[in-house]
Amino acid sequence: CDASVDSGAYSSYPFAACLEAAQVGSILPGPYKMDAFDCRTWSVATNKPPILPYRGVARTGVCFALEIMIDKVARAAGLEPHVVRLANLVQPQDMPFDNITGKHFDSGDYPQALRRAIDALDLPAWRARQAAGEADGRRIGVGHSIYCEQGAHGTSVYSGWGIPMVPGFEQCSARLVPDGGLELRIGAHSHGQSMETTLAQVANTVLGLDEADVRLVHGDTAMSPYSTGTWGSRCAVMSGGAVATACKALAVRVKAIAAHLLEAEADALWLEDGSVVHRASGRRLTLREVAHAWYRQPQRMAADVDAGGLEVTVGYKARRDTGTFSYAAHACAVAVDIELGTVEILQYLICEDGGVLINPMVVDGQILGGLAQGIGTALYEEMPYDSEGQPLASTLADYMLPGATELPMVGIDHMETASPYTEFGQKGLGEGGAIAPPAAIINAINDALAPLGAEVLECPASPRRILDALRKARALQADAKVPA
Amino acid sequence: MKAAAFEHVHAASARDVVKLLAAEDGLAKPCGGTQSLGPMLNLRLVQADKLVRVSHLDELKAFELRADVLRIGAAVTHARIEDGLLPDVTHGLLPAVAASIAYRAVRNRGTLGGSLAHADPAADWVSVMCLLDAGVVLLGPNGERSVPCSEFLIGPFTTLLESDEIIVAVDVPRFSPTARWSYRKMCRKPGEFAEAVGAVWTDPERGVARALMGALGGVPLVIEGAAAIAALAQPAAMQRALDDAGLEEPYERELHAVVMRRALQDLDRFARSPA
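Residues numbered from 1 in each chain as written. Chains lettered and ligands numbered in written order. Predicted model: local features only at pLDDT ≥ 70, side-chain atom pairs only at ≥ 80, totals over all residues. Heavy atoms only, no water.

Peer 1: Looking at this structure, how should I read the overall build of chain B?
Peer 2: The number of helices and strands found in chain B is 12 helices and 14 strands. The C-alpha radius of gyration computed for chain B amounts to 19 Å, which stays within 12% of the reference 19 Å derived for 275 residues, consistent with globular compactness. Oriented by its inertia axes, the alpha-carbon framework of chain B measures out at about 55 × 45 × 35 Å. Looking at chain B as a whole, 52% of its 275 residues qualify as buried. A total of about 12,300 Å² of accessible surface is found on chain B, and carbon and sulfur atoms cover 52% of it. If the 29 positive side-chain charges of chain B are averaged to one point and the 34 negative ones to another, these points end up 6 Å apart. (Helix = DSSP H or I, 4+ residues; strand = E, 2+ residues; numbered from the N terminus. Rg over C-alpha atoms; globule rule 2.2 N^0.38 Å. Buried < 20%, exposed > 50% of the residue type's maximum accessible area, 1.4 Å probe, protein only. Areas by Shrake-Rupley, 256 points an atom, 1.4 Å probe, with all protein chains shown as cover. Lys, Arg positive; Asp, Glu negative; His and termini not counted. Charge placed at Lys NZ, Arg CZ, Asp CG, Glu CD.)

In structure tokens, the structure reads:
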């Protein structure tokens, strides 16, 4: 494979100009088993604005190229595309799996995800409707795609790239404040990822206090640990791991103080419902009472009290830092108006495996937001330039984004194959929703266009591109009919 | 971006608007719902020293049912037409079209007169009022004049309006009981500007048969007469119409041909069976 990336005129970060191309070379095999692999990549400097990493860095393009090609293979072989995929996907018994480019897959059952998405779509019913034809003349198409998303990969992966800045470990400062509430200070940043909710749940799991009593402090290194921040689908694993580790260390401190106050052994104490409980006797102290004693009545502390008190800063280091591999199969049915080139998504189903889910609703939000972005890539968003390199879509009046009316109702099915390397078995999944839609939707469009001999191989599949493809196919067929 | 500084004036009457415009010698612009003018000012595609608001004037928000027409005040919003707050003299054409203009938020403020004065070729009212050849009533220093919409529109974003004139009303013909219409537009998503418009109005009692191709580079193309319209079913006639519409690109020709054909088919498909 030869891949060229138009990197624009400058590198916005020391290695941003080459990031996309460098990724392609290592992630192109996707979730498939391959016996041989060859890939050359080029980052091309041009007179356009520079590119920057974007949700799914290189994975959207890789998924698109790979999955469009697999559908072409299936059409040539007269097979349903999922049959070709199932024959080539990495199998659950292969896990953990080192693929041909050395990527280490931690866990997963890819064939099951694909089968579940296809079953949910009810492929035979769509094939029957497709064969029957639509009253309004539109053509039905069915398509799907599957991808893997490496998340939370750390030091060993990035140091191998030879880049000047390498991410390390992640810290959290946790402290019980005088009113019994918990403050979590992290270096990552929550700007729509609902970390306030997810990390509060992690704290609840460890410390047993109400999520409403947890306050997340972030976004200012004057008040938080340093971090490389929020990127690379890493926060559930890295910040989640840091919060869990810090809360565990804090639990030891809390129990030690409570043990003295309750005249019990620390090992016999449990943290639940915002209290420290001695189960044998039923005696308990609320976290607020423990905090009050520590901050206001230090005379009640044991003589050998740990003077570090109710505040800890502890870091998290993954058992293995090659990252987690979340994945999903997206399956959809579309109706293509072959006269106007417009596309309506009739059904869209996702089977996602993000490992153990800390909060399924937050995960659904990540998937839906990603899907909206992916539908934009598939059908609407485009940054065209004229032959001189002048950008032609420099305002949102020219750059078309999908809105509520362009998004279908979506069915999401969760698998939860635990990662063996993370705190709770969770995996990073913040980018995946945006990776699969262009491939799934364009495969569906091409499935609809196939009887007409046309196919679209570019995003977005605008009415213009679809009508151009149909016109080209008609011209080819007309040429073929002309006697030599 | 934000607009360059301008003065914003609320006129006391339509005549007052004309006086204020005349005094500024072309540097003032009347403004209705500002749903097009506003963004263009912000993008600095348009600059005005003074904006004279007209959309608050009761006299421009009124409507009047006359013998042959419904006179709609220029400041009537798309939303009022959509909601059926005006007498329906077009068998539902105007409310149906109004409901498809941009988004409800835009329709709440955007006005019929403002849309015609702006004369964006992709705007729905530009096509519909040309199809109906509605009378556009203008008020200037020398009083009122009424011109057919097909003459009022000169080109893209260009009309007969003088710098000291405003649209005060639009006269929409009252359809006969047997009149029929169809209206199709193609846009990438709801709320986007149309890439192609096709519309038909037949009113045998009035002796009217008009078909229209809209959202062109310039003014819409009107095809008059039942025979000429029927001929559009023939590829050669359709190709001639596309030539007349100034369409060159294969993609644009295809879109307009399909939208026009579907509008014609709609007229047949929804034909009333004889009583």
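Next comes the rest of the account.
Peer 1: Looking at this structure, I do not really get the interface of chain A and chain B. What am I missing?
Peer 2: Note on interface size: it is often stated as the accessible area lost on association of the parts. Residue-level contacts link 20 residues of chain A with 16 residues of chain B. Between chain A and chain B, the buried area comes to about 1,600 Å², and carbon and sulfur atoms account for 53% of it. If you sort the residues of chain A by the area they bury against chain B, E339(A), L340(A) and R464(A) come out on top, with a joint share of 36%. Applying the counting criterion to the chain A and chain B interface returns six salt bridges. Here E254(B) ties to R471(A) by a salt bridge, and the two come within 2.5 Å at their closest N and O atoms. Of all the secondary structure elements, the ones that give two or more residues to the side of chain A that touches chain B are α10 (360-380) and α13 (463-481) of chain A. (Contact = heavy atoms within 4.5 Å. Buried area = accessible area lost by both parts, 1.4 Å probe. Salt bridge = Lys/Arg side-chain N within 4 Å of Asp/Glu carboxyl O.)

Peer 1: When you look at the pattern of salt bridges in this model, what are you seeing that I'm missing?
Peer 2: Within the structure shown, the criterion is met by 46 salt bridges over all chains. Linking R138(A) and D136(A) is a salt bridge whose minimum nitrogen-to-oxygen distance equals 3.0 Å. Among the residues examined, D136(A) registers a relative accessible area of 48% and is labelled partly exposed. Where R107(B) meets E82(B), a salt bridge forms, and the shortest distance between an N and an O atom there is 2.8 Å. With a gap of 25 residues between them, R107(B) in helix α6 (residues 104-109) and E82(B) in helix α4 (residues 78-82) connect regions that are remote in the sequence. A cluster of three or more residues bridged by salt bridges with shared partners is formed by R175(A), E183(A), R185(A), R215(A) and E311(A).

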